[in-house]
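# Structural overview
Residue-level listing of the chains:
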Amino acid sequence: MFVSDNLSVNEKGHLTIGKVDTVELAKDFGTPLYVMDEMMIKEVCKSFKESIDKYYDGKGLVCYASKAFCCLYMCRLMSLEGMGLDVVSNGELYTAMKAGFDAEKICFHGNNKTDEELEYAVDSKVGRIVVDNIYELERLDRIAKAKGVTVGILLRIKPGIDAHTHDFIRTGQIDSKFGFALETEEAFEAIKKAIACENVKLRGIHCHIGSQIFDVDPFEHAAAVMLDFIAKVKNELNYELDELNLGGGFGIKYVESDNPSPFETYMEKVSKVVKQKCSQLNIKQPFIILEPGRSIVASAGITLYTVGGIKEIPNIRTYVSVDGGMTDNPRYVLYRSQYEAVVANKANLERNKTVTISGKSCESGDLIGENMKIQDIEVGDTIAILATGAYNYSMSSNYNRIAKPAVVFVNESRAHVVVKRETLDDIIRNDIDV
Ligand SMILES: *Cc1c(COP(=O)(O)O)cnc(C)c1O
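A short tour of the structure in this document, coming up.

## What to know about the pairing of strand 15 (residues 317-322)
- Burial along strand 15 is one-sided: Thr318, Val320 and Val322 are buried, and none of Arg317, Tyr319 and Ser321, which face the opposite way, are.
- As paired elements, strand 14 (residues 301-313) and strand 15 share five bridges and run antiparallel to each other. Each residue of the ladder has a partner; that of Ile313, found in strand 15, is Arg317.
- As consecutive antiparallel partners, strand 14 and strand 15 are separated by three residues, and within that stretch Asn315 has a phi angle of approximately 60°, a positive value.
- Judged from the three bridges that link them, strand 15 and strand 17 (residues 353-358) form a sheet pairing that is parallel. Bridge pairing links Tyr319 to Thr356 in strand 17.

In structure tokens:
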């Protein structure tokens, strides 16, 4: 009935998430409100791990890409689920360390890490720093030397794969700000340099070809290209790379017409390519790292809003204004992302109206979506936007000095706050009052 199968309708006709009544949640915690289904997140983690056990003899690690949704509670949950973690800034790393995350299982990414971030990562004993460029490699080697330690690294490679997704979330092609290009020998030269560095240990290579990718082919292709490169390094430099990090980017279902391949299929096909290639090229099977972000949390989350004004503009469109918008969900503004909307207190009725849902910021572009199918809607109704668990809270802002919503996790039939709603005092917290 809805895009995520943890959503249902109860006897009152209200939308439920993980068996909890969303209208009650809106009443108890206020709106706008992010709600995440903890059971669903755990199940997805389990299925990722089981697929690696089944198709790749368990020789791998799933690192949750925390940029999709990061807070102390989420880091603790990932730790309990036996996941690794992917971080992209000292803020994400700090959150992970405060949550007691095992640093050996952390990958530190980013195309422009500062010295401060590199030092923090080294001091925290992060297992793998994913080096993006030569300048960073040199700085990291120097920092590690000064501290008298050796740090594990992966090199970020652009495999030259053009995945079919939005331009801003494609990252594997040569025209990308991330990583070393294969085509130009830049990557090979970087490998030589990394091997020669005294205070870094080159553990392997990394690629991430984009996000919200539905097909398995580009991932198979990327894996094959990366393994050819591992063989070249072995043959020409006599150096064996132990690890292959294939990144994340697995697509999820935002709207009914989305049809992503199940992760199980991905793992089955990609493992086959890896095993075949390894025996063909006479290299050992690498330890595989995967970095799903969106696919771990997107479907588990919804956002609840209260409907304010409704404006019917005859023969043009109907605007339905909600008490949030681009400040808690900038994805429509950034990518024209599509979502499904449901009137949570009328979830049993048919969605036979077409509306534009707008936010409350002073921007005409502040929309949650256009031409959205929804039930007959009135002022005061609760609207649920579905599949907002990834890149919503983490991309939220305080534009117009709007306070960020709370995040509530539901687990079976209980609900608890994991991130408090911001207050007006939070809004002026860093202002200097002279
Ligand atoms: C964003 C990102 C991911 C996660 O991508 P999803 O599409 O959320 O799965 C993984 N690895 C790297 C390096 C990334 O930048």
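## A closer look at the nonpolar core
- If you look at the biggest cluster of nonpolar residues, it comprises 114 residues, and the most contacted ones within it are Ile41, Met74, Met78, Ile153, Leu155 and Ile296.
- Mapping this core onto the domain boundaries places at least three of its residues in each of domain 1 (7-30 + 300-427) and domain 2 (38-294).
- Core analysis: the second largest hydrophobic core is formed by 21 residues, Leu33, Leu304, Val342 and Ala384 among them.

## So, the pattern of salt bridges
- Taken as a whole and judged by the stated rule, the model has 25 salt bridges.
- The partner of Lys27 in a salt bridge is Glu24, with the nearest N and O atoms 3.8 Å apart. Taken as a pair, Lys27 and Glu24 lie in helix 1 (residues 22-29) at a separation of three residues, close to a single helical turn.
- On the accessibility criterion, Lys27 (61% relative accessible area) is exposed.
- Of the charged contacts in the structure, one is a salt bridge between Glu119 and Lys147, with a shortest N-O distance of 3.4 Å. Of this pair, Glu119 sits in helix 5 (residues 115-123) while Lys147 is found in helix 6 (residues 134-147), placing the two residues 28 residues apart along the sequence.
- Because the salt bridges share partners, they merge into one network encompassing Glu104, Arg128, Arg203 and Glu243.

## Notes on the side chain of Thr382
- For Thr382, the position within the fold is in strand 19 (residues 382-386).
- Ignoring anything within four residues of it in the chain, the contact list for Thr382 reads Ala26, Leu304, Tyr305, Val342, Val343, Ala344 and Asn345.

Criteria and cut-off values
Going along each chain's sequence as written, the residues are numbered from 1 onward. Only residues with pLDDT of at least 70 are given local features in this predicted model, and only at 80 or more are side-chain atom pairs given and counted; all residues enter the totals for whole chains, interfaces and linings. To obtain the side-chain values, all non-hydrogen atoms of the structure were used and water was disregarded. The cut-offs for exposure are 20% and 50% of the maximum accessible area for each residue type, with area from a 1.4 Å probe on protein chains only; residues under the lower value are buried, those over the upper are exposed, and the others partly exposed. Helix and strand assignments come from DSSP, with helices taken as H or I runs of at least 4 residues and strands as E runs of at least 2, each series counted from the N terminus. A pair of strands counts as paired when DSSP detects no fewer than two bridges linking them. What is meant by a nonpolar core is a set of buried Ala, Val, Leu, Ile, Met, Phe, Trp, Tyr and Cys residues, joined one to another through side-chain atoms within 4.5 Å. Boundary definitions for the domains trace back to an automatic or database domain assignment. Each salt bridge in this description consists of a side-chain nitrogen of Lys or Arg and a carboxyl oxygen of Asp or Glu lying within 4 Å of one another. We call two residues in contact when some of their heavy atoms are within 4.5 Å.

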